Amino acid sequence: PAPALAPPPPARQALSVKPAIFVPVDRSAEIQEARLKLPILSEEQVIMEAVAENPTVIVCGETGSGKTTQVPQFLYEAGYSSDGLIGITEPRRVAALAMSQRVAKEMSLSQRVVSYQIRYEGSVTEDTQIKFMTDGVLLREIQKDFLLSKYKVVIIDEAHERSVYTDILIGLLSRIVSLRAKKQQPLKLLIMSATLRVEDFTQNSRLFSVPPPVVKVDARQFPVTVHFNKRTPLHDYSGECFRKVCKIHRMLPPGGILVFLTGQAEVHSLCRRLRRAFPCLRGSARGTEVKVDSVEEMRKFKKSRGKKGPVALPRIDLDNYSVLPVDEGDEDRESEMDEEEEAVGSDLDLDLGDGEAEEDEKPDASLPLHVLPLYSLLAPEKQAQVFRSPPEGCRLCVVATNVAETSLTIPGIKYVVDCGKVKKRFYDKVTGVSSFRVTWVSQASADQRAGRAGRTEPGHCYRLYSSAVFSDFEKFSPPEITRRPVEDLVLQMKALNIEKVVNFPFPSPPPMEALVAAEELLTALGALQEPLQTGRLKQLQGAKLSCPISPLGRTMATFPVAPRYAKMLALSQQHECLPYIITIVAAMTIRELFEELDGPAASEQEQAQLKGKKARVSQMQRLWAGQGASLKLGDMMVLLGAVGACEYSGCTPRFCEANGLRYKAMLEVRRLRGQLTTAVTSISEHAAGLFVDPKMKPPNEDQVNFLRQMVLAGLGDHVARRIQSEELLDEKWKNGYKTPLLDDPVFIHPSSVLFKELPEFVVYQEIVETTKMYMRGVSAVEATWIPVLLPSYCHFEKPLEDPPPSYCSKTGRVVCHRASTFYRVGWQLPAVQV
Ligand code: ADP
Ligand code: MG
């Protein structure tokens, strides 16, 4: 075995001198005893003195040392919340909720006082003194009140994760703290990190002119013996985890097991296998037969569809976004931290109870194992289970994603099984093309994971990879902000009147290409005022990047969705399209509405089941898409149909299961629809008082065409044109599409209802790279709409005038007629090569 990680530091005395103001807290003896064991208790005085004397303080301490649960209590006891709030931001929803509950419990206070606020819900009241929230919530509060005057202290927790919003918040707060000092209303800023790697905050003179003091909390970490695998399994790390857990459970002394996997689907699958191998007393007969006549539901939905509309396709008005920006609305954003896990797979916790066990161990009821899943999107009640002691005589085994790495500390873990992988979303800097990839973690993460085993006694960490592989891991993973498109952040910053985004004190600035791409997209969407000179790109690359926000941009910034979708929302109150666009945007924002049915199957039987279901689901999707204009709306129509039919059926788990929909995603769509409706109606004169019925009527044909245009207006940089036969350089390009930014062809994803239709022009929600570059979320558009709705993407040789342009499929060009003259209107796609 490799050497142990760290020896336990000596225990120290708890704080003896209390500060001048002291707000008493009533804690149970049991809680008090547990607290006194936390390493951070012996640093209370140091931390509180540092806070008293400095505007900004950094606290570093190992996960589990007590930062999140105790520091807010120290501040409360010292009177910081007697006339203002103590706010704590977390990059994950799970942590905001769980930690507020824990702190309320420790202090014997209700959630009215120690509250939480996450995207859709919260328990904040007038009595709130300590408020846990996601970092996105605080960012939106800054938009409403830049000085954060309600707060006395802001704590940025988990700063080592370097989530995008955490980074932005630290940049903003560095300014807010100095503004508040000038106004003689000091605001205290605490930055808490689980690692000592804080130079990006301390050694950054643009951020803090005087480097803030760092208080280091010595963790009482017991030694953890690290065991590497001799070989690194190439694919089946999940199977390897299973075998390792079985061995530990059979052969090693009592102590909880924590397994790190990469995503929900994997977590559930391993949980199933383990429960079957080591049954624990549980409710029986799970996973009932599901049978729903979804075709009947669909008929009901379709029956209310209107009759055919006129043949001509009227257009939406691009300048008609007369929603007025106001400083209200309780919507917020979430960082990407939660998203990794949402990526793939179903999270229906149905135990199929089939023959998956055959290659596994024989069920062994004499060795019960209490197996619990843990991931971000797990329902809160289920998450809370991991903190309870397992049933008598059972060993605890938590199968988790990255959330267990630093956000949550699970008591009683002695063994860690680390697959060494993490699921991450990768983006192309220029095109924004994204892909989810499972990659190796960094060395820092692997050590964090190992550390989970040594909280209560010496422990063991089993790494399912060799030490040679480990030494090739990168030391730390780069901050998120340097890895993803930033148009949403740039828009938010412009809405805060930070025009020169390049000058913003980012702890780690995003790459210049990403800032330029963001500014370009926002300008094209009309969210920024166009620079006066021409040659926009050159000007932007001259590092100016300083266009102010436009009125449309202000409207867009109030919607809690990405700018492309915000643009659709801003146009949506025309022609009574609002409820539809809200639904489409909500469904596109909540990723992976449909279950993943391509996943690996454990047995042939399961394979066949999956195949059957896939066929049924795709048949259903065809029905939802309908015919004519409605089919042209494509996958967006499927989303509308799915949500509509689901609401008609009462949004039940059975309906979702039968139609391949993720039940939880549907509930999220419902909530987000409500939230977006409030967001739009509260700022729109036209939409004021509008009531959106969750069971909306299907759109009529005219509306469908307006919807297609609204989608096009938002996804303007995501237009693709089918490669024509004379352009085919390669057989592989058959059925491919050309996009302005990519050299290689892209293809309609086989799961799209337009996969076989192959329209000439399409817009897509995203390109995901798997075996090919696939467009997902596809909708067909009319070529003649492009110069009208997306003028900034077109090159006009003469000003565009009526009558409307037409499209010549032979040349692949759009032609504008004026009187008897032809003006050729090129479009940024590569010219046709004959
Ligand atoms: P840090 O923020 O430094 O990682 P925390 O404040 O989250 O540490 O955790 C401190 C201790 O509180 C840990 O030992 C953890 O086990 C315990 N703890 C946290 N939440 C709960 C909970 N809901 N139930 C029981 N113990 C908890
Ligand atoms: Mg913490």
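In this text, all values refer to a predicted model and were calculated from it rather than measured experimentally. (Residues numbered from 1 in each chain as written. Chains lettered and ligands numbered in written order. Predicted model: local features only at pLDDT ≥ 70, side-chain atom pairs only at ≥ 80, totals over all residues.)

### Considerations on the sheet that holds strand β4 (residues 130–134)
Strand order across the open sheet formed by seven strands is β3-β4-β2-β5-β6-β1-β7, with parallel pairing between neighbours. Only two strands of the sheet have a single neighbouring strand rather than two, namely β3 (114–117) and β7 (214–217). Across the sheet, the mean angle separating the axes of adjacent strands is 20 degrees when strand polarity is ignored. For strand β5 (residues 151–156) and strand β6 (residues 188–193), the ladder comprises four bridges, and the chain directions are parallel. If you follow Ile156 over to β6, its bridge partner there is Ile191. Here helix α3 (residues 67–77) sits on the sheet in contact with β1 (56–61), β2 (85–90), β4, β5 and β6, set at roughly 165 degrees to β2. (Pairing = 2+ DSSP bridges. Helix = DSSP H or I, 4+ residues; strand = E, 2+ residues; numbered from the N terminus. Axes fitted to C-alpha atoms, helices over the stretch in contact; angles between N-to-C directions. Contact = placed C-beta atoms within 7 Å.)

### Overview of helix α5 (residues 135–144)
Burial in α5 covers these residues: Asp135, Gly136, Val137, Leu138, Leu139 and Glu141. Considering only its buried residues, α5 is in contact with β2, β3, β4, α6 (164–182) and α15 (487–495). (Buried ≥ 20, exposed ≤ 12 C-beta atoms within 10 Å, placed from the backbone.)

### Some remarks on the packing of helix α21 (residues 604–625) against helix α23 (residues 635–648)
A packed helix pair is summarised by two numbers, namely the angle formed by the two axes and the spacing between the axes. Interaxial distance between α21 and α23 falls to 8 Å at its minimum, and their mutual angle equals 100 degrees. As summarised for this structure, α21 and α23 are arranged roughly perpendicular, according to the angle between their axes. For the pair α21 and α23, the contacting residues are Gln621, Trp624 and Ala625 in the first and Met637, Val638, Gly641, Ala642 and Ala645 in the second. When grouped by side-chain class, the residues that make up the contact of α21 with α23 number six nonpolar, two polar and no charged. (Parallel < 35°, antiparallel > 145°, perpendicular 65-115°, else oblique. Nonpolar A, V, L, I, M, F, W, Y, C, P; charged D, E, K, R; others polar.)

### A closer look at the pairing of β1
Counting buried residues along β1, six of its six residues qualify, which places the element largely inside the surrounding structure. Residues Thr56, Ile58 and Cys60 line one face of β1 and the alternating positions Val57, Val59 and Gly61 line the opposite face, and both faces are buried. The sheet contact formed by β1 and β6 spans five bridges and is parallel. Counterpart to Val57 in the pairing with β6 is Leu190. Pairing of β1 with β7, which is carried by four bridges, proceeds in the parallel orientation. Bridged to Ile58 within β7 is Val214.

### Things to note about the confidence of the model for the chain
The predicted model of the chain has a mean per-residue pLDDT of 80, with 78% of residues at 70 or higher. The lowest-confidence element of the chain is strand β24 (residues 821–827), averaging 37 in pLDDT; the highest-confidence one is β5, averaging 98. (pLDDT = per-residue confidence, 0-100.)

### Description of the site of ligand 1
Ligand 1 sits among 15 residues. The nearest are Lys67, Thr68, Thr69, Phe387 and Thr409. Going through the elements one at a time, α3 and α4 (93–106) are the ones with two or more residues in the shell around ligand 1. Per element, the largest residue contribution to the shell around ligand 1 is four residues, and it comes from α3. Among the residues making up the shell around ligand 1, the classes are represented as four nonpolar, nine polar and two charged. (Near = placed C-beta within 6 Å.)

### Regarding the sheet that holds strand β12 (residues 413–418)
One open sheet holds the six strands; their spatial order is β8-β15-β12-β9-β11-β10, and the pairing between them is parallel. Every interior strand has two partners, whereas the edge strands, β8 (224–228) and β10 (369–374), have only one. When the angles between neighbouring strand axes are averaged without regard to direction, this sheet yields 15 degrees. Each of β8, β9 (256–260), β12 and β15 (459–463) touches helix α13 (residues 443–451); the most contacted strand, β12, lies at about 150 degrees to it.

### Some remarks on the pairing of β4
Most of β4 is tucked away, with five of its five residues classed as buried. Sheet topology places β2 next to β4; five bridges connect them, and they run parallel. When the sheet's bridge partners are listed, Ile88 is paired in β4 with Phe132.

### Thoughts on the packing of helix α20 (residues 578–589) against helix α25 (residues 663–681)
The interhelical angle for the contact between α20 and α25, taken along N-to-C directions, is 130 degrees, at an axis separation of 9 Å. Between α20 and α25, the angle falls in the class oblique. As for how α20 packs across α25, the hand of that crossing is right-handed. Residues Leu578, Ile582, Thr583, Val585, Ala586, Ala587 and Thr589 of α20 lie in contact with α25, whose contacting residues are Val669, Leu672, Arg673, Leu676, Thr677 and Val680. When its residues are assigned to classes, the contact of α20 with α25 shows nine nonpolar, three polar and one charged. (Left-handed = near helix turned anticlockwise from the far one by under 90°.)

### With respect to unusual backbone geometry
Despite not being glycine, Asn497 shows a phi value in the positive range, around 60 degrees. Judged by the 9 C-beta atoms lying within 10 Å of it, Asn497 is exposed. Although it is not a glycine, Cys651 sits at a positive phi angle of roughly 50 degrees.

### Remarks on the environment of Pro55
When you line up the elements, Pro55 lands in the loop between α2 (44–53) and β1. On the basis of neighbour counts, which here come to 18 C-beta atoms within 10 Å, the residue Pro55 falls in the partly exposed class. Sequence separation of Pro55 and Leu374 is 319 residues, and the distance between their C-alpha atoms is 37 Å. The residues touching Pro55, leaving out its near neighbours within four places in the chain, are Val177, Ala181, Pro186, Lys188 and Leu189.

### Here's the deal with the environment of Ala720
Following the sequence through the fold, Ala720 ends up in strand β16 (residues 719–722). What makes Ala720 buried here is the crowd of 26 C-beta atoms within 10 Å. Separated by 19 residues in the primary sequence, Ala720 and Thr739 place their C-alpha atoms 4.6 Å from one another. Other than its neighbours up to four places away in sequence, Ala720 contacts Tyr737, Lys738, Thr739, Val746, Val762, Tyr764 and Met775.

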